[in-house]
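Each chain is listed here by its residues.
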Amino acid sequence: MTDDVELVHGSGNVFRDLGLANPEAEQLKAILASKIIAVLDTQGMSVRRAHELTGFAAADFSRVRQARLARFTIDRLMAMLDRLDQDVEVTVSVQPRSQSAPVAPITA
């Protein structure tokens, strides 16, 4: 028995592919959170120690570790990295979307 499998190429942003609102912001938040987790892991730092060093609540670092990012803004995640003694450099590229990429409706 053979199963038919269809290969679908993503847009490069899983949040856009899932049709979520503000996919670029969500992707940036996920990238920043992954960098925070990498710093904690590389330094063997507990969330309590991160709290002591940064002043951000240990619960905030726990939420980042669990990828529960709804409460976080991009600038808050960047501030967490800053207080973890990390430099953050952001590069922005703006270009027209391809016709195949779905366009999310703008909601107020």
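Report on the accompanying structure. Since we're looking at a predicted model, the values are computed, not measured. (Residues numbered from 1 in each chain as written. Predicted model: local features only at pLDDT ≥ 70, side-chain atom pairs only at ≥ 80, totals over all residues. Heavy atoms only, no water.)

1. Looking at the overall build of the protein
Working step 1: Of the regular secondary structure elements, the protein holds five helices and zero strands.
Working step 2: Of the regular secondary structure in the protein, the N- to C-terminal order runs α-α-α-α-α.
Working step 3: Expressed as a percentage of its 108 residues, the buried residues of the protein come to 23%.
Working step 4: In the protein, once contacts between residues fewer than 6 apart in sequence are set aside, the share between residues at least 24 apart is 49%.
Working step 5: Carbon and sulfur atoms make up 51% of the accessible area of the protein, which amounts to about 8,300 Å² in all. (Helix = DSSP H or I, 4+ residues; strand = E, 2+ residues; numbered from the N terminus. Buried < 20%, exposed > 50% of the residue type's maximum accessible area, 1.4 Å probe, protein only. Contact = heavy atoms within 4.5 Å. Areas by Shrake-Rupley, 256 points an atom, 1.4 Å probe, with all protein chains shown as cover.)

2. A short note on helix α5 (residues 74-83)
Along an α-helix, residues three or four apart share an orientation, since each turn contains 3.6 residues.
Working step 1: Along α5, the positions that sit buried rather than exposed are Leu77, Met80 and Leu81. Around the axis of α5, the buried residues are gathered within 95° of arc, so they sit on the same side. In α5, the exposed residues that point more than 90 degrees away from the buried face are Asp75 and Asp82.
Working step 2: Tucked into the core, α5 has its buried residues touching α2 (23-42) and α4 (58-65).
Working step 3: Of the residues trailing α5, Asp85 is marked for its positive phi of about 65°. (Arc of directions from axis to C-beta.)

3. Things to note about unusual backbone geometry
Working step 1: Although it is not a glycine, Asn22 adopts a positive phi angle of roughly 55°.
Working step 2: Mapped onto the elements, Asn22 comes out in the loop between α1 (14-17) and α2.
Working step 3: For Ala67, which is not glycine, the phi dihedral falls at a positive 60°.
Working step 4: As for its placement among the helices and strands, Ala67 is situated in the loop between α4 and α5.

4. Considering the environment of Asp82
Working step 1: Locating Asp82 in the fold gives a position in helix α5.
Working step 2: Overall, the relative accessible area of 52% leaves Asp82 in the exposed class.

5. Here's the deal with the side chain of Asp60
Working step 1: Residue placement: Asp60 occurs in helix α4.
Working step 2: Reaching out from Asp60, the side chain makes a polar contact with the side chain of Arg63 at a distance of 3.1 Å. (Polar contact = N/O pair within 3.5 Å; in protein donor to acceptor, adjacent residues only side chain to side chain.)

6. Regarding α4
Working step 1: Every buried residue belonging to α4 is among Asp60, Phe61, Arg63 and Val64, and all of these are buried. Summarising the axial view, the buried residues of α4 lie within an arc of 155°, below the 170-degree limit, and thus occupy one face.
Working step 2: On its buried face, α4 sits against α2, α3 (47-54) and α5.
Working step 3: At the C-terminal side of α4, Ala67 shows a positive phi close to 60°.

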